[in-house]
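Letter by letter, the chains look like this.
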Amino acid sequence: MVGFHCFFTPGSAAGRYFCAVRRKNKQIILDNLLVEDYAAEGKGLARVDGKVIFIEQVVPGDRVNVLLTKNKKDWAEGVVLQTLEWSPLRVTPFCAHFGICGGCKWQMLPYEKQLEYKQRQVEETLKRIGKVPLPTIRPILGGAATTHYRNKIEYTFGTKEFTREKPTAEQLAGPGTYAGFHARGFFDKIVDIETCYLQAEPTNAIRNFIRTTGIEKGWTFYDIRNHTGFLRTMQVRLCTTGELMVNVVVGEPDQPKIDELMQLLEQQFPQITTLLYTINTKWNDSMHDLVPVVYTGKGYVTEKLHSDRDYFFKIGPTSFFQTNTQQAEALYTVTKNFAALTGKEIVYDLYCGTGSIGLFVSGGARKIVGVEMIAAAIDDAKENAALNGVTSAEFFAGDVIDICNDDFFATHGQPDVIITDPPRAGMHEKLVKKILEIAAPVVVYVSCNPATQARDLNLLGELYEVTDVQPVDMFPHTHHIENIVQLKRKAYIQV
C-alpha cells in the first residue's frame, strides 16, 4: 500500500517528478527517487523530505526505486530494485564482472568525474570533521593508468559461486570449482573471474590455468564452511622491474599434488621469477604465521621507485608494499616535497612499515628514524636500507608511545620532521598527544582515510596549522582516496 507522496516543486533539481513511499510486507520502498550526489564510501545520496538516503551502485542523475535496508530517524540506506532512468553521466563498464564483483564499483563513472568527486570528498571531510583553517587544496593527482595498475592481487578458490541469477541445478548439486574473488558480504561464496583488469597479464592466465588444471586433475577446491579442499588461495606480485612472484596456498599437506602443480606452473609460465607454495591448514587465511616454501627463484621480488635516485625494495610473499607502484612514487614525491628537506633534518617516520617512505626521502635528510609495531616489517626495512646502501636510516620495532622517550631522543636526536602514515583507523589519541609533546616543526600526515585524518588534524590543531593539502588517487574506479597534509608548528610559522 502507498504510505505518502513527496512532491518536488517545479524548477527544483527533480523537476516534475515526485517520490512515492510504499510499504509491502513491512518493507519500505521509495519509488521514483532521484540520486543527487555522492556521499562517503562511494554511496549515492538522495533526499526525501530532508531525510538522507544512501544507495549503493548508483550515479548522480539516476532515477530509481529503492528498497530500504536500514531506516533511522534522519537517514536510511537502501538498494536499487529498479532503475527508471539512467544518469547522463554514466559510461559503459569495461569489465564483464562489473556489478557482481565488488572491486571496481565506479567503472560506470568517467574517470574525470571520479576524480572530481574524490576531490570534493577530501575538501568536505576535512572541513566538516577537521574544523581547522585550511589552505586551498591542490587538485587531486590522478593515475596515468586506470587499469592494470596493481602490482599485487590475491585470488581465492572455492566451492560456491556468487551470481545474481538463480543457481542452476548443477550449481546446487555439489561442490563447485571456482576461482576469483570473495563475494562482498558472503564469506563462503566466490565471484568466478575470467578476466580481471586490475593487474596485467599473466595474472589471469595463471589463475585460469590453475582452475582448469584443478578440474582436470580432480583436485578439490577449498570449502570454507567445512574446512576441506586442496586449492585455497594464491597471490600474484608483478613489479615494474619485470619480476613476477606467485605464491599458491593449499589447504592440504599433499606433497605429490603440490609438486605436480609447481612443475606445471614452472613449465607453463617461464616468466615467473619466484614460485612459492604455502600450506595453510588453519581456519583463517592470514599469512603472518605461515612459512612460504620457495620452489624456484630467490623467494622475493624487487620493486623500484625513483626519487633523487632509483631505490629498490625487496618484497617477500608476506611483505607490505603500496599496491600501485606508479602512484606510490607520486605519493612519496609529494610527501618528500611537503617535508621541505635541506639535508640537515632528522626525520622520524612513524608507521614506517618496510621503510619505503623513509628511504625514498632519505637523500634529502641527515637522518631517518623509522618506528613500526610489526617486527617483521622492521626486518624488511633494515634489509631495504642495506640493499640501497642507505646508512643514515635506523629502524626500530615497537610502539612509538613507548619508544620515543627522553633517552631515545638523547640517542637519536629530536625530530625536525615527522612523517606519519597510519592505517585506516588513523592515529591513536595517545600518539597524537605524543606528537604534540615532541613538537617537531613540520609534520607530514599521509592517510588512506580522510575522515580519520580530519579527526586527528582537529586534535593536532592545538599546536599545528595545516599549510598544504594534496589528494592522490591510488585506486581508480574505487571510492578510496589517499591524502597528504603538511602541518607546521604555529610558533615555527611565526618565526
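The rules we used
Residues numbered from 1 in each chain as written. Predicted model: local features only at pLDDT ≥ 70, side-chain atom pairs only at ≥ 80, totals over all residues. Heavy atoms only, no water. Pairing = 2+ DSSP bridges. Helix = DSSP H or I, 4+ residues; strand = E, 2+ residues; numbered from the N terminus. Axes fitted to C-alpha atoms, helices over the stretch in contact; angles between N-to-C directions. Contact = heavy atoms within 4.5 Å. Parallel < 35°, antiparallel > 145°, perpendicular 65-115°, else oblique. Left-handed = near helix turned anticlockwise from the far one by under 90°. Nonpolar A, V, L, I, M, F, W, Y, C, P; charged D, E, K, R; others polar. Phe/Tyr/Trp six-rings, centres within 6.5 Å; stacked < 30°, edge-to-face > 60°. Buried < 20%, exposed > 50% of the residue type's maximum accessible area, 1.4 Å probe, protein only.

Draft legend 1. Region of the structure containing the sheet that holds strand β24 (residues 482-489). Strands sit in the order β20-β19-β18-β21-β22-β24-β23 across an open sheet of seven strands; the sheet is mixed. This sheet does not close on itself; its edge strands, each paired only once, are β20 (393-397) and β23 (464-472). The average undirected angle you get between the axes of adjacent strands in this sheet is 15°. Looking at chain direction, β23 and β24 are connected through eight bridges and run antiparallel. Its bridge partner lying in β24, Val469 is registered against Val485. Helix α5 (residues 325-339) rests against β21 (417-420), β22 (442-447), β23 and β24 of the sheet, and its axis sits at about 10° to β24.

Draft legend 2. Local environment of the packing of helix α10 (residues 429-438) against helix α11 (residues 450-460). Two elements in contact, α10 and α11, have axes whose closest approach is 10 Å; the angle formed by their N-to-C orientations is 40°. Between α10 and α11, the angle is such that the two are oblique. With respect to the hand of their crossing, α10 and α11 are arranged in right-handed fashion. Residue-level contacts link Glu429, Val432, Ile435 and Leu436 of α10 to Asp456, Leu459 and Leu460 of α11. Its residues assigned to classes, the contact of α10 with α11 comprises five nonpolar, no polar and two charged.

Draft legend 3. Spotlight on the packing of aromatic side chains. Enumeration over the complete set of coordinates arrives at 14 aromatic pairs. Summarising the aromatic geometry, the rings of Tyr348 and Phe408 are spaced 6.1 Å apart at their centres and angled 85° between planes, so their arrangement reads as edge-to-face. A residue pair is termed long-range when its members are at least 10 positions apart, and Tyr348 in strand β18 (residues 346-350) and Phe408 in helix α9 (residues 406-412) qualify at 60 residues. By relative accessible area, Tyr348 is classed as buried at 1%. Geometrically, the ring pair formed by Tyr348 and Phe409 is tilted, given 6.0 Å between the ring centres and 45° between the ring planes. You can see Tyr348 sitting in strand β18 and its partner Phe409 sitting in helix α9, a full 61 residues away along the chain. Just as Tyr348 is buried, Phe409 falls in that class too.

Draft legend 4. Looking closely at unusual backbone geometry. The residue after Glu201, namely Pro202, is reached through a cis peptide bond having omega 20°. With respect to the helices and strands, Pro202 occurs in the loop between β11 (190-192) and α3 (203-217). Although it is not a glycine, Asp49 adopts a positive phi angle of roughly 50°. By the element assignment, Asp49 lies in the loop between β5 (44-48) and β6 (51-55). In the Ramachandran plot, His148 falls in the positive-phi region, its phi being about 55° despite a non-glycine side chain. Take His148: it is sitting in the loop between α1 (111-130) and β9 (152-158). In this structure His148 comes out as partly exposed when scored by relative accessible area, which is 42%.

It is worth stressing that arrangement in space is one thing and function is another; only the former is reported here.
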